[in-house]
Amino acid sequence: MTRVTDRRSFLRYSALSGLALGGAGLLAACGKDSSSGNANGSAADGSKYGTVAIQLSWLKNIEFAGEYFADSKGYYRDAGFGHVNLIAGGAASTSVEAGLDTGKIWLGMSAPQTTAPAVLDGLPAKIIGTTYQRNPFCIVSSAAKPMMSPLEMKGRKIGVQDTNQLIFNALLAANGMSDKDVQVVPAQFDPTPLANGEVDGWVSYVTNEPITLAAKGFQTAHFLFADFGLPLTAETLTVRQQTIDNERDKLKAFLAAEIKGWKDVVANPAEGARLAVEVYGKDQRLDLGEQTQEAKAQNDLVVSEDTKANGLFTMTDKLVAANIEALSKAKINIKADQLFDMSVLRELFAERPDLK
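Per an unreviewed UniProt entry, the chain goes by the name Thiamine pyrimidine synthase and belongs to Nocardia pseudobrasiliensis. Comment text from UniProt for the chain, heading Pathway (unreviewed entry), reads "Cofactor biosynthesis; thiamine diphosphate biosynthesis." What UniProt records for the chain under Sequence similarities (unreviewed entry) is the sentence "Belongs to the NMT1/THI5 family."

**What about the overall build of the chain?**
Per the secondary structure count, the chain includes 15 helices and 10 strands. When each of the 356 residues of the chain is scored for burial, the buried share is 56%. Contacts spanning at least 24 positions in sequence make up 81% of the contacts within the chain whose residues lie at least 6 apart.

**Points about the packing of aromatic side chains**
Scanning the entire structure with this criterion turns up 9 aromatic pairs. When the centroid spacing of 4.5 Å and the interplanar angle of 5 degrees are considered together, the rings of Tyr68 and Tyr280 count as stacked. One end of the pair, Tyr68, is in helix α1 (residues 65–72); the other, Tyr280, is in helix α10 (residues 269–280), with 212 residues separating them in the sequence. Pair check on accessibility: Tyr68 and Tyr280 agree, each one buried. For the pair Phe223 and Phe228, a centre-to-centre distance of 5.3 Å together with 75 degrees between the ring planes defines the contact as edge-to-face. Residue classification places Phe228 among the partly exposed residues on the basis of a relative accessible area of 25%. Among the aromatic residues, ring-to-ring pairing joins Tyr49, Tyr76, Phe81, Trp106 and Phe254 into one connected group.

**Re helix α15 (residues 343–351)**
Looking only at α15, the buried set comprises Ser343, Val344, Leu345, Leu348 and Phe349. Buried-residue contacts for α15 involve β4 (125–132), α8 (241–246), α9 (248–267) and α12 (305–310).

**As for the sheet that holds strand β10 (residues 234–240)**
One key point about sheets: their strands pair by backbone hydrogen bonds, in either a parallel or an antiparallel sense. On the basis of which strands lie adjacent, the open sheet formed by 5 strands has the order β2-β1-β3-β10-β4 and mixed pairing. Every interior strand has two partners, whereas the edge strands, β2 (81–87) and β4, have only one. When strand polarity is set aside, the average angle formed by the axes of neighbouring strands in this sheet is 25 degrees. As paired strands, strand β1 (residues 50–55) and strand β3 (residues 107–110) are joined by 2 bridges and run parallel to one another. Its bridge partner being in β3, Gln55 is matched across the sheet by Gly108.

**A few points about the packing of α9 against helix α11 (residues 288–302)**
Packed helices, taken two at a time, are described by the angle their axes make and the gap between the axes. Contact pair α9 / α11: the axes reach a minimum separation of 9 Å and the direction vectors enclose 125 degrees. When the axes of α9 and α11 are compared, the pair comes out oblique. At the point where α9 passes α11, the crossing takes the left-handed sense. Within the contact between the two elements, α9 uses Trp262, Val265 and Val266 and α11 uses Gln298, Asn299 and Val302. In terms of residue class, the contact of α9 with α11 is made up of 4 nonpolar, 2 polar and no charged.

**Considering the environment of Ser178**
Tracing the backbone shows Ser178 in the loop between α5 (165–174) and β7 (183–187). Note on Ser178: relative accessible area 30%, which makes it partly exposed. Considered as a pair, Ser178 and Lys154 are 24 residues apart in the sequence and their alpha carbons are 9.6 Å apart.

**A closer look at helix α13 (residues 317–329)**
When the terminal C-alpha atoms of α13 are compared, their 19 Å separation across 13 residues agrees well with the 18 Å that a helix rising 1.5 Å per residue should span. Of the positions making up α13, those classed as buried are Leu319, Val320, Ala322, Asn323, Ile324, Ala326 and Leu327. Buried residues along α13 sit in contact with α4 (112–120) and α14 (336–339).

**Topic: the side chain of Thr236**
Looking at where Thr236 falls in the secondary structure, it is placed in strand β10. In contact with Thr236, other than residues within four places in its own chain, are Gly108, Met109, Ser110, Ala111, Pro112, Ile127, Gly129 and Thr130.

**Describing the pattern of salt bridges**
By the definition in use, this model includes 12 salt bridges. Of the charged contacts, one joins Asp227 and Arg134 as a salt bridge, the two residues approaching to 2.7 Å between their closest N and O atoms. With Asp227 in the loop between β9 (220–224) and β10 and Arg134 in the loop between β4 and β5 (137–142), the pair connects residues that are 93 residues apart, well separated along the chain. In this structure, the salt-bridge partner of Glu347 is Lys252, at a minimum N-O distance of 3.2 Å. Of the two residues, Glu347 sits in helix α15 while Lys252 sits in helix α9, which places them 95 residues apart along the sequence. Salt bridges sharing common partners tie together Arg248, Lys252, Glu347 and Glu351.

Conventions adopted
- Residues numbered from 1 in each chain as written.
- Predicted model: local features only at pLDDT ≥ 70, side-chain atom pairs only at ≥ 80, totals over all residues.
- Heavy atoms only, no water.
- UniProt positions renumbered as here; feature names shortened; annotations may be inferred.
- Helix = DSSP H or I, 4+ residues; strand = E, 2+ residues; numbered from the N terminus.
- Buried < 20%, exposed > 50% of the residue type's maximum accessible area, 1.4 Å probe, protein only.
- Contact = heavy atoms within 4.5 Å.
- Phe/Tyr/Trp six-rings, centres within 6.5 Å; stacked < 30°, edge-to-face > 60°.
- Pairing = 2+ DSSP bridges.
- Axes fitted to C-alpha atoms, helices over the stretch in contact; angles between N-to-C directions.
- Parallel < 35°, antiparallel > 145°, perpendicular 65-115°, else oblique.
- Left-handed = near helix turned anticlockwise from the far one by under 90°.
- Nonpolar A, V, L, I, M, F, W, Y, C, P; charged D, E, K, R; others polar.
- Expected span 1.5 Å × (residues − 1).
- Salt bridge = Lys/Arg side-chain N within 4 Å of Asp/Glu carboxyl O.

Below you can see the structure in the form of structure tokens.
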């Protein structure tokens, strides 16, 4: 079992309006700017683009297997980077948005619910692509007493973590319900109360708790928030506006390496799990079997009919519009062109159709 199971105790998937943008926090440990180079356009290490700092949205587990492939198989190096510094995120770390604001990172993996408030507060940043076409939030319940839709939660006890209260309320609002329709039970992150029958449902991650509970012999059912009015994306790639404006070729080179890495994960989730357990997340004491199962479940979020047609990380105009509408249900009102810019990916796939 993974040592860290409270992977929802973080800012990135919380619709927080008071996002703090100051301070370098743990990112100061990098000790370097997010990229390095010299006057003639080449980096000090002789590579085309030098070193960049990339902040992951969570600790180094299977969620970032595409980055592990891109690093270990040399895709970043082949794209012109001397080194790509993969910085672990987590509940105690500085947010991606704060890292972008202070210039400590070049690119970060976040979520619309977190980036939008920062943009509204003045951060000049955009989402340029998304790893997950659908967010993994779900309500997990016992297979013996399954809940397969929001309406089936009426009158039942639902364990909700404090950081997920806003997104849970958005789910209720999207389905014509309010917190008066359910019995909200304040929860931490260990789903044991669900297994013990203390609650009927649990705000969960489809790639985590259903798998860990099943490993303990507790069979579950679940439904995704994304299937009931909240089709938000997740693991979004976010950069400052100046990166889009001034480092477009560098950004396309990075995205090309990312796409290759994630194509490898889709083709070989077991190897992605091995890299997470034995190499990049070795200090997390991850379980190979669970990580492999999570990798397979994750692929269902990464690949969609749209990505098959348009390429990984892409978002259709329809999906962008759906995200904007979903954010409004979480009381975050922002325009599409304030938050999203898919032009870099469109250019990349036009120039490199082999990446699709």
